[in-house]
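# Reading the structure
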Amino acid sequence: MFCACILLFGLADAGMSRARARPSKHVLVLYENNRLLPANVQGDRGINEVISSSGESTVVSAEFLDAPRFNGETYVQTVQTFLREKYRADPPDVIVAGGNGALEFLLNNRADFFPSVPVVHMGVDGWFAKARQPLPADIVGVPVEYDFAGTIEQALKWHPNATRLVVVTGASAPDLELETLLRTTAGQIDGRLTTEFLAGLPTSAVLKRLGELDDDAVVFTPGYFEDGAGRVFVPREAAREMAAASTAPVYGPYNTFIGVGIVGGAMPSFEAMGREAGSIVNRLLAGAAPASLRLPQLMPTTLNVDWRQVRRWGIDEDAMPPDVIVHFRTPSFWEAYRMEALTGIAIVLLQSGLLGGLLVERRRRRGAELAVDKHRFELAHASRLAIAGELTASIAHEINQPLGAILSNVSAAELMLGSGTNDLNEVRQILGDIHRDNLRASEVIRRLRTLLAKHEVERRVIDLNESLADMATILRAEAQRRRVSLAIRPELPAVEVLADRIQIQQILLNLALNAMDAVSEMADERRTVMVSAEQRSGMAAITVRDYGDGIAEEHLPKLFDSFFSTKRTGIGLGLSIVRTLVEAQGGKVWAENGPGDGATFHVDLPLAGSSAALRGASG
Ligand code: ADP
């Protein structure tokens with residue numbers, strides 16, 4: 001207890017010494033209503049923001065008259081004494097009157113406690129200020145007019161079906177003042193409207209009535225401080241209950257109502273009122289005379305809407321005036337995700353461009369591939385013609401032989417006929433031989449023509465053994481001419497591949513002739529070439545083996561390159577053509593040395609019916 005006393009005296013003493021030093025200016029804001037009234041909270045924020053931004057060290061005190069809850073002569077006396085005593089040691093340099101009641105209080109009582117301190121009024125109604133004219137010269141401020149008529153007229157534009165205006169007011173003294181004002185306003189509004197006042201009713205009755213309204217109604221309310229049942233409210237909370245219960249859209253005059261469920265209204269901003277008062281205070285503290293200030297006539301009013309309510313009541317979005325302040329607007333997809341959407345679109349465009357580019361590129365490549373294929377097959381054809389040239393001697397031999405035999409048989413027949421021997425059996429035998437030799441010669445020519453003709457590539461199921469047999473005659477003749485022993489080893493049963501017959505023959509021919517070249521310088525025992533076809537590891541395998549010198553290690557990697565040749569008169573296209581043809585059938589070709597002396601060339605082709613064969617066919 002003792003300590004507490006010392007503390008109290010100590011503080012009082014400190015206060016006295018601060019008052020003497022007067023390091024700061026002092027502003028006292030006297031609010032008419034309760035500390036937590038949303039309008040006060042907003043106004044207070046505005047005034048403090050502007051005063052603190054002045055750069056001066058100004059102390060702002062706030063007092064609340066708590067009207068309309070507390071009133072009466074005794075209360076006024078008590079507050080007056082309280083303020084005088086509280087601020088005796090540190091009197092304010094400027095007083096701000098927040099609201100009609102605060103200005104009224106100061107007009108009546110200022111002389112008794114701070115007679116010469118200028119007053120700035122804030123949030124005071126225009127009609128109230130007018131009624132108190134002329135105000136003393138040291139009482140200045142910008143009054144406010146709540147645009148009831150403007151709000152109601154805007155509501156009627158947005159709800160063209162509305163023919164009924166329901167106005168809700170309360171029972172306290174300030175509520176009754178508002179009711180009077182609103183009755184005047186309603187009387188001046190458009191004749192199409194019937195107006196119903198729910199004035200001074202208990203909240204339960206108000207909510208019940210609001211819940212029965214049809215879509216021909218709009219509601220307007222400034223809220224109330226007290227309802228007909230004596231229940232005390234902050235007007236905003238009263239409006240919240242009404243908006244929740246109402247089956248018709250609710251409008252109001254105060255920007256503090258935005259967010260509680262009302263659609264909106266033409267509203268001045270309480271924060272702006274605070275800022276305006278703050279700026280007047282700053283000018284007075286800087287030494288300006290109140291009468292010298294040039295102030296606006298009224299606080300500006302702006303249309304405010306709650307976007308969610310606009311949607312809820314189906315208000316035409318295009319019917320919004322351009323200067324409306326929209327609250328709680330949910331951004332459209334475009335607004336919310338503009339960057340993401342733009343990035344997405346850019347990516348899609350880029351991808352499409354890329355895809356388009358790739359398609360064009362693909363078509364070009366395909367065209368180029370087709371051209372290359374065409375050239376390859378033309379080259380292959382030219383190479384076959386060249387080989388035929390190389391084989392002329394063997395071919396001539398193959399044709400000459402049956403022709404020679406035919407000639408001898410014809411001579412023999414002539415002799416027989418000349419000698420008068422008419423052995424018909426003998427003649428029949430000779431004719432049979434001639435026929436057989438003729439067939440043999442024409443078969444050689446037929447095969448040659450097939451091999452050398454320029455043909456369209458045609459993939460069919462063919463037996464590799466048959467291809468070997470087709471080539472056997474000509475290869476044997478060539479081998480014989482070169483004194484090479486040629487072993488052709490077909491395997492039974494058939495080794496079937498899906499391929500072009502002529503191309504397979506050309507592969508066999510190229511590999512076999514190369515093998516014969518490889519043994520051309522060899523001694524007799526190594527002048528051997530073996531050609532075989534078999535099924536191996538699920539593939540059709542052609543093997544061409546010789547007993548020559550084999551392939552030099554460093555030549556192996558470039559053996560199949562075009563124009564690689566180690567031969568004096570070679571042009572180096574044979575193996576490159578072989579590889580092209582093998583790969584066109586979906587197969588692969590490779591070479592290795594051995595086993596033992598010489599080289600072995602392997603060709604693996606997919607067996608007919610396998611998926612690889614189909615791939616080769618489609619490629
Ligand atoms: P060319 O026969 O015109 O030289 P090829 O493409 O047919 O062209 O052959 C290229 C080279 O591969 C030959 O010059 C040779 O060096 C080598 N070659 C091909 N077959 C054999 C083989 N059976 N043994 C050793 N080397 C070979």
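See the structure printed just above.
No experiment lies behind these values; they were computed from the predicted model shown.

## Some details on unusual backbone geometry
At the junction of Ala67 and Pro68, the peptide bond is cis and its omega measures out at 0° in the coordinates. Within the element layout of this structure, Pro68 appears in the loop between β2 (58-64) and α3 (73-86). Note the cis peptide between Gly594 and Pro595, where omega equals 0°. Residue placement: Pro595 occurs in the loop between β18 (588-593) and β19 (599-606). With phi around 55°, Asp66 is a residue other than glycine that occupies positive phi space. With respect to the secondary-structure elements, Asp66 resides in the loop between β2 and α3. On the accessibility criterion, Asp66 (24% relative accessible area) is partly exposed. A positive phi angle, near 55°, is found at Arg483, a position not held by glycine. One can find Arg483 in the loop between α16 (464-481) and β14 (485-489). According to the relative accessible area criterion, Arg483 is exposed, its value standing at 55%.

## Quick look at the sheet that holds strand β1 (residues 25-31)
Strand pairing in a sheet takes place through backbone hydrogen bonds and is either antiparallel or parallel in direction. The strand order across the open sheet formed by five strands is β2-β1-β3-β4-β5, and the pairing between neighbours is parallel. The open sheet has two edge strands, β2 and β5 (139-141), and neither has a second partner. Along the sheet, successive strands turn relative to each other by an average axial angle of 25°, direction set aside. Direction of pairing for strand β4 (residues 119-122) relative to β5: parallel, over a ladder of three bridges. Among the inter-strand pairings, Val119 is bridged to a residue of β5, identified as Ile139. In the packing of helix α4 (residues 100-113) onto the sheet, the strands contacted are β1, β3 (94-98), β4 and β5, and the crossing angle to β3 comes to about 135°. Docked against the sheet, helix α10 (residues 270-285) engages β1, β2, β3, β4 and β5, running at close to 170° with respect to β4.

## Quick look at the site of the ligand
Lining the immediate environment of the ligand, one finds 19 residues, of which Asp546, Ser565, Thr566, Lys567 and Leu575 sit closest. At a separation of 2.8 Å, a nitrogen atom of the ligand approaches a polar side-chain atom of Asp546. For the ligand, an oxygen atom lies 2.8 Å from a polar atom in the backbone of Leu575. Relative to its unbound accessible area of 530 Å², the ligand is 91% covered by the protein chains. Elements with a contribution of two residues or more to the shell around the ligand: α17 (501-518), α18 (574-584) and β19. Take the shell around the ligand: its biggest share by element is three residues, from α17. Classifying every residue of the shell around the ligand by side-chain character gives ten nonpolar, seven polar and two charged.

## Some thoughts on helix α7 (residues 173-188)
For α7, which comprises 16 residues, the first-to-last C-alpha distance of 24 Å matches the rise-based estimate of 22 Å (1.5 Å per residue) to within 8%. By the burial criterion, the buried members of α7 are Pro174, Asp175, Leu178, Glu179, Leu182, Thr185 and Ala186. Viewed end-on, α7 has its buried residues packed into an arc of 140°, placing them on one side of the element. Turned more than 90 degrees away from the buried face of α7, the exposed residues are Ala173, Thr180, Gly187 and Gln188. Buried residues along α7 sit against α6 (148-158), β6 (164-169), β7 (194-199) and β8 (217-220).

Definitions and cut-offs
Residues numbered from 1 in each chain as written. Predicted model: local features only at pLDDT ≥ 70, side-chain atom pairs only at ≥ 80, totals over all residues. Heavy atoms only, no water. Helix = DSSP H or I, 4+ residues; strand = E, 2+ residues; numbered from the N terminus. Buried < 20%, exposed > 50% of the residue type's maximum accessible area, 1.4 Å probe, protein only. Pairing = 2+ DSSP bridges. Axes fitted to C-alpha atoms, helices over the stretch in contact; angles between N-to-C directions. Contact = heavy atoms within 4.5 Å. Near = heavy atom within 4 Å. Polar contact = N/O pair within 3.5 Å; in protein donor to acceptor, adjacent residues only side chain to side chain. Areas by Shrake-Rupley, 256 points an atom, 1.4 Å probe, with all protein chains shown as cover. Nonpolar A, V, L, I, M, F, W, Y, C, P; charged D, E, K, R; others polar. Expected span 1.5 Å × (residues − 1). Arc of directions from axis to C-beta.

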